[in-house]
Amino acid sequence: MPDFLRAHDSFGKRVFGFAFHLFDLVAYEVLYRLSPARRMWFFNGGYMPLDEDYTSYPEFAGEDHSAMMYHQAGRTMVKDHGPAPTSILDVGCGQGGGLVYLSRLYPQAKLTGTERSQSAVRLAKRRTKPFTDATITQGHSGGLAFADDSFDMVVAVGSPTYFGLTLFVEEAGRVVKPGGLISFSGGYRQGDHAKVEGEIREAAAKEGLEVLTYRNITPHTFASLKADLPRREATLARVPWPFSIYARRWADMPGSPEYDEYEKGLRADFACVIRKPA
């Protein structure tokens, strides 16, 4: 996925980054309204192989690899810390698939999702209604519109990349309750795990938070990408021009700079868990 947030600091790239950001916002609205993506549950690239305790549900047929990202965030990464959340926030909930999957992991929890795309919010409300009673609101990249100490667990798959790591850690740390967990993942082109982890740890320390786990998950996300190429190709064939050009890069398809960086080991995908001291 194009990563304007991490472009080298120059005037030209800042201008390009701003222009791309505007196009990105428009493209997301179009994809959610007009493309085949509106019939999918997830926008994340997925994780493979599937965990042994992963549960496949009929509604996620063909998207188990993407649902696995929520299994990782909601179960695998946090199970050693004994979570029993009664309130969960999904930051960047997209079409709502993560909320549905989290409702299966924690049926006792009250679920809240926030998403920047107005079209996605409408879609997620409609699609999740038969499965879970989640509250879904439109958010923005400047912060989380929730009170301090609101949730037992904060989950985010992919969105911290757009949010900005430092801001995400600050805001997630603010809205999670004392003793609560923040479980999130993201990825960067031309990434450096030492720098990414360092930024997370610095932001967490500043907020008095404890980093419990940081993992390099790039081999798993690349495996998922390669396994999913036929489905992606069929889906992208139905995306209208000129958004199909953007979509091929967003989907990290072969021939794109994004896919090339996976092959060359220049991609840094990660998963992290942070705890707010009780």
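Structure first, text after, so check above.
Residues numbered from 1 in each chain as written. Predicted model: local features only at pLDDT ≥ 70, side-chain atom pairs only at ≥ 80, totals over all residues. Heavy atoms only, no water.

Details of the environment of phenylalanine 42
On the secondary structure map, phenylalanine 42 appears in the loop between α1 (11-34) and α2 (64-76). Judged by its relative accessible area of 2%, phenylalanine 42 is buried. Spatially, the C-alpha atom of phenylalanine 42 lies 6.3 Å from that of glutamine 95, the residues being 53 residues apart in sequence. (Helix = DSSP H or I, 4+ residues; strand = E, 2+ residues; numbered from the N terminus. Buried < 20%, exposed > 50% of the residue type's maximum accessible area, 1.4 Å probe, protein only.)

Observations regarding the sheet that holds strand β3 (residues 135-138)
As a general point, the strands of a sheet are linked pairwise by backbone hydrogen bonds and lie either parallel or antiparallel. Pairing is mixed across the open sheet formed by seven strands, whose spatial order is β3-β2-β1-β4-β5-β7-β6. Only two strands of the sheet have a single partner each, and these edge strands are β3 and β6 (210-216). Here the strands of the sheet are splayed against their neighbours by 15° on average, with no regard to which way each runs. Two elements, strand β1 (residues 87-91) and strand β2 (residues 110-115), share five bridges in a ladder whose sense is parallel. By the bridge assignment, isoleucine 88 is partnered in β2 with leucine 111. (Pairing = 2+ DSSP bridges. Axes fitted to C-alpha atoms, helices over the stretch in contact; angles between N-to-C directions.)

Things to note about the packing of helix α6 (residues 165-175) against helix α7 (residues 193-206)
The geometry of α6 relative to α7 is characterised by a closest axis approach of 9 Å and an angle of 35° between their N-to-C directions. In the packing of α6 onto α7, the handedness of the crossing is right-handed. Within the contact between the two elements, α6 uses Leu165, Thr166, Val169 and Glu170 and α7 uses Val196, Glu199, Ile200, Ala203, Ala204 and Lys206. Residue composition of the contact of α6 with α7, grouped by class: six nonpolar, one polar and three charged. (Left-handed = near helix turned anticlockwise from the far one by under 90°. Contact = heavy atoms within 4.5 Å. Nonpolar A, V, L, I, M, F, W, Y, C, P; charged D, E, K, R; others polar.)

Section: the pattern of salt bridges
The full count for this structure, using the stated rule, is 13 salt bridges. Note that arginine 174 and aspartate 148 form a salt bridge whose closest N and O atoms lie 2.9 Å from each other. Here arginine 174 is found in helix α6, whereas its partner aspartate 148 is found in the loop between β3 and β4 (151-157), with 26 residues between them in sequence. Note that glutamate 197 is salt-bridged to arginine 201, the shortest N-O span being 2.9 Å. Within this pair, glutamate 197 and its partner arginine 201 are both found in helix α7, separated by four residues, close to a single helical turn. (Salt bridge = Lys/Arg side-chain N within 4 Å of Asp/Glu carboxyl O.)

Comments concerning the packing of aromatic side chains
For the coordinates displayed, the defined rule picks out 16 aromatic pairs. A ring pair is formed by tyrosine 54 and tyrosine 101, whose centres lie 5.7 Å apart and whose planes are at 10°; its orientation type is stacked. With tyrosine 54 in the loop between α1 and α2 and tyrosine 101 in helix α3 (residues 97-105), this residue pair connects regions lying 47 residues apart in the sequence. Plain terms: the ring middles of phenylalanine 60 and tyrosine 101 are 6.4 Å apart, the flat faces sit at 40° to each other, and that makes the pair tilted. Residue phenylalanine 60 is found in the loop between α1 and α2, and its partner tyrosine 101 is found in helix α3; the two are separated by 41 residues along the sequence. As far as the burial class goes, phenylalanine 60 and tyrosine 101 line up, both buried. Aromatic rings pair up to connect Trp41, Phe42, Tyr54, Tyr57, Phe60, Tyr70, Tyr101 and Phe131 into one cluster. (Phe/Tyr/Trp six-rings, centres within 6.5 Å; stacked < 30°, edge-to-face > 60°.)

Re the environment of cysteine 93
Tracing the backbone through its elements, the reader meets cysteine 93 in the loop between β1 and α3. Each C-alpha atom of the pair cysteine 93 and alanine 120 lies 8.5 Å from the other, and the pair is 27 residues apart in sequence. Leaving out residues up to four positions away in the same chain, cysteine 93 has contacts with Tyr70, Leu99, Gly113, Thr114, Glu115 and Ile136.

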